[in-house]
Every structure is written in C-alpha cells, then in structure tokens.
Amino acid sequence: MRDYLRRLPVFAGDLPSFDPAAAPPQPHTLFVEWLMAAVDAGVREPHAMTLSTAGPHARVLILKNVGESGWQFAAHAASPKGQELARDSAVALTFYWSLQGRQIRVRGHAHPEPAATSAADFLARPEGSRAEASLGCQSRPLTDRATLDRAVTEAGRRIAADPAFVVPEWTLYTVAAEEVEFWQADKQRKHTRLRYTRGPGGWTRTLLWP
Ligand SMILES: Cc1cc2nc3c(=O)[nH]c(=O)nc-3n(C[C@H](O)[C@H](O)[C@H](O)COP(=O)(O)O)c2cc1C
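Residues numbered from 1 in each chain as written. Predicted model: local features only at pLDDT ≥ 70, side-chain atom pairs only at ≥ 80, totals over all residues. Heavy atoms only, no water.

A.B. asks: For this particular structure, what's the right way to read the pairing of strand E7 (residues 170-184)?
C.D. replies: Along a regular strand, successive side chains alternate from one face of the sheet to the other. Among the 15 residues in E7, 12 count as buried, and that is most of the element. Sheet analysis places strand E4 (residues 70-76) next to E7, joined by 6 bridges and oriented antiparallel. By the bridge assignment, Ala75 is partnered in E7 with Thr171. Judged from the 11 bridges that link them, strand E6 (residues 102-112) and E7 form a sheet pairing that is antiparallel. (Buried < 20%, exposed > 50% of the residue type's maximum accessible area, 1.4 Å probe, protein only. Helix = DSSP H or I, 4+ residues; strand = E, 2+ residues; numbered from the N terminus. Pairing = 2+ DSSP bridges.)

A.B. asks: Is there a simple way to explain the site of the ligand in this structure?
C.D. replies: Close contacts around the ligand come from Arg59, Val60, Leu61, Ile62, Ala74, Ser79, Pro80, Lys81, Gln138 and Ser139, and that covers them all. Coverage of the ligand by the protein amounts to 64% of the 620 Å² it exposes when considered alone. Every element with two or more residues in the shell around the ligand is listed here: strand E2 (57-62) and helix H3 (80-87). Broken down by element, the shell around the ligand gets its largest block of residues, 4 residues, from E2. (Near = heavy atom within 4 Å. Areas by Shrake-Rupley, 256 points an atom, 1.4 Å probe, with all protein chains shown as cover.)

A.B. asks: Help me understand the pattern of salt bridges in this model?
C.D. replies: Side chains bearing opposite charge may pair, as long as their charged atoms lie close to each other. Inspection of every chain in the model, using the stated rule, returns 5 salt bridges. Glu181 serves as the salt-bridge partner of Arg193, at 2.7 Å between the closest nitrogen and oxygen. Pair noted here: Arg193 is in strand E8 (residues 192-199) and Glu181 is in strand E7, with a separation of 12 residues, a long-range link. In this structure Arg193 comes out as buried when scored by relative accessible area, which is 16%. The network of salt bridges with shared partners includes Arg105, Glu181 and Arg193. (Salt bridge = Lys/Arg side-chain N within 4 Å of Asp/Glu carboxyl O.)

A.B. asks: Would you mind going over a nonpolar patch on the surface with me for this structure?
C.D. replies: There is a patch of nonpolar side chains on the surface, built from Met1, Tyr4, Leu5 and Leu8 and spanning about 460 Å² of accessible area. The residue Leu5 is located in helix H1 (residues 2-7) in this model. (Patch = residues over 30% accessible without salt bridge, like charges linked within 9 Å, V, L, I, M, F, W, Y side chains within 5 Å.)

A.B. asks: What is the right way to look at the environment of Pro80 in this model?
C.D. replies: Relative to the helices and strands, Pro80 is located in helix H3. Judged by relative accessible area, which is 37%, Pro80 ranks as partly exposed. Distance in space between the C-alpha atoms of Pro80 and Ser139 is 7.2 Å, their sequence separation being 59 residues. Not counting residues up to four positions away in its chain, the partners in contact with Pro80 are Gln138 and Ser139. (Contact = heavy atoms within 4.5 Å.)

A.B. asks: Looking at this structure, how should I read the side chain of Glu84?
C.D. replies: One can find Glu84 in helix H3. For Glu84, the side chain forms a polar contact with the side chain of His57, separated by 3.3 Å. Ignoring sequence-local partners within four residues, the contact set of Glu84 consists of Thr53, Ala54, Gly55, His57 and Arg59. (Polar contact = N/O pair within 3.5 Å; in protein donor to acceptor, adjacent residues only side chain to side chain.)

A.B. asks: What am I meant to see in the UniProt feature "domain: Pyridoxine 5'-phosphate oxidase dimerisation C-terminal" (unreviewed entry) in the protein chain here?
C.D. replies: UniProt's feature table lists "domain: Pyridoxine 5'-phosphate oxidase dimerisation C-terminal" (unreviewed entry) at residues 170-210, given in the numbering used throughout. Secondary structure across residues 170-210 divides into 0% helix and 73% strand, with the first and last C-alpha atoms of the span separated by 39 Å. (UniProt positions renumbered as here; feature names shortened; annotations may be inferred.)

A.B. asks: In this structure, what is going on with helix H2 (residues 27-41)? I would like to understand it.
C.D. replies: Quick reminder: α-helices carry 3.6 residues per turn. Residues three or four places apart thus point the same way. Its 15 residues give H2 an end-to-end C-alpha distance of 21 Å, which sits within 8% of 21 Å, the value for a rise of 1.5 Å per residue. Taken together, the buried positions of H2 are Pro27, His28, Leu30, Phe31, Trp34, Leu35 and Ala38. When H2 is viewed along its axis, its buried side chains cluster within an angular range of 155 degrees and face the same direction. Trailing H2 by a residue or two, Gly42 shows a phi angle of about 90 degrees, which is positive. (Expected span 1.5 Å × (residues − 1). Arc of directions from axis to C-beta.)

A.B. asks: Would you mind showing me how to read unusual backbone geometry here?
C.D. replies: Glycine aside, residues mostly have negative phi angles, and peptide bonds mostly take the trans form. Gly55 connects to Pro56 through a cis peptide bond whose omega is 5 degrees. One can find Pro56 in the loop between strand E1 (48-53) and E2. A positive phi angle, near 45 degrees, is found at Glu45, a position not held by glycine. Residue position: Glu45 is located in the loop between H2 and E1. In the Ramachandran plot, Arg189 falls in the positive-phi region, its phi being about 70 degrees despite a non-glycine side chain. Counting through the fold element by element, Arg189 comes out in the loop between E7 and E8.

Laid out in structure tokens, this is it:
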C-alpha cells in the first residue's frame, strides 16, 4: 500500500497563481475571491468544509455564508458537534480545493446567532431538509433503515401540515476568525502561504515558510 500511495500524483494539472503582495486587507475578501475562482475552475462543493472542534472531532459541513463578521454554518444544537460547541467554542475550519491545490484554514470561536436568525436559516431550507433536521437524533445509533424511513415520513407530514414550524435547537453559528491562512500549492514545492492575524488595530498579513 505504501508504494501505491507514493505513486499517486499530488498537485497534478494546472495550478493558479497567487500573489500575496496583491492580497486584500481583509481575509474574507480573499476567501470570496478564491471561492468564486474554485467555482469557475469546476471544483465540486467548494462550500464544503471540515469543522474541527475541541473534542477533538472533525466533520464536513456546508458553509452557509461568509462576510466581515465571519464564516457561518448551521447545525442541530443537540448533535455531538452542537454539544461540543456549547462546552468549548474554539474551532477550526478547513477548505481544500484539490483542482487548484488550494487550502484555507480558519481559526476562531463559533458563536450561536440569535433564535430569529437561526429560525430564518431553518425556514430557508427545502422541506425534505427541514424534515430531516427536525428528527433531532443525529449521530445516535439507528436500529434499522425502516425506523429512519418511518421517522422521516412522519416528520415530513408534520412539516407539510405546519410550514412555519421551526426546530428550536436549529442553530446558525458564526465563526469569528482570529487567524486565516491561504495556502497555494506549487509544483516545485515552493508553496505560498499567507496568514492573516486579527489584532486590536485590524488584520496583519504574514508570509509563512512552506
Ligand atoms: C459534503 C457534506 C456536507 C455536510 N453538510 C452538513 C451540514 O451542513 N450540517 C450537518 O449537520 N451535517 C452535515 N454533514 C454531515 C456531517 O459531516 C456529520 O456527519 C454530521 O453533522 C454529524 O456530526 P456530529 O456527530 O459531529 O454532530 C455533511 C457531510 C458532508 C460529506
């Protein structure tokens, strides 16, 4: 297996350029530039990211929004990740877009948004997703698929009968970033790394050794 893995290519294909000297002052601006470039390059699900919590545990989630206040994701507060976040809000987010050899790492704290904002996020989900999210059993042991099918059907009926129904535990979290690192692969392994660090006076940018 070791030889097989060693022969697998890394950073194959054309890689985009990245000039850190031209990077914008705010990391979310560069993040959006890279996200759009990933979409244009044909990266599938570029808005899928790994959320690491202090467990340590890590799992993939969908990015719901990004802006000056931070990176947002949504989850059921009673899920393992929700319980971990209630205990310790320190998180890391990792994006990896292999087509472009790009990685983005975000470190910060995840804060729950007010109930009304979380409810609006829940109501914007398609009916099937709302039904699934209302089960509230995520990551618990499941006896069999038939039990899941019954629960989803029942939840679907409930949502259809009351389209304004909101799961009270549904939570939109905002990760207020303290550090954001942009990593661009280079075929000669002279990778480019630019780290943004938040300080009292705003963001500072630092180049890092690869
Ligand atoms: C591409 C992808 C997107 C996902 N998006 C979400 C999501 O937005 N919210 C969510 O709760 N789980 C999502 N999941 C499932 C999570 O990875 C995870 O299995 C689930 O949230 C349970 O995690 P926990 O036990 O740590 O709470 C996604 C999985 C994948 C592969």
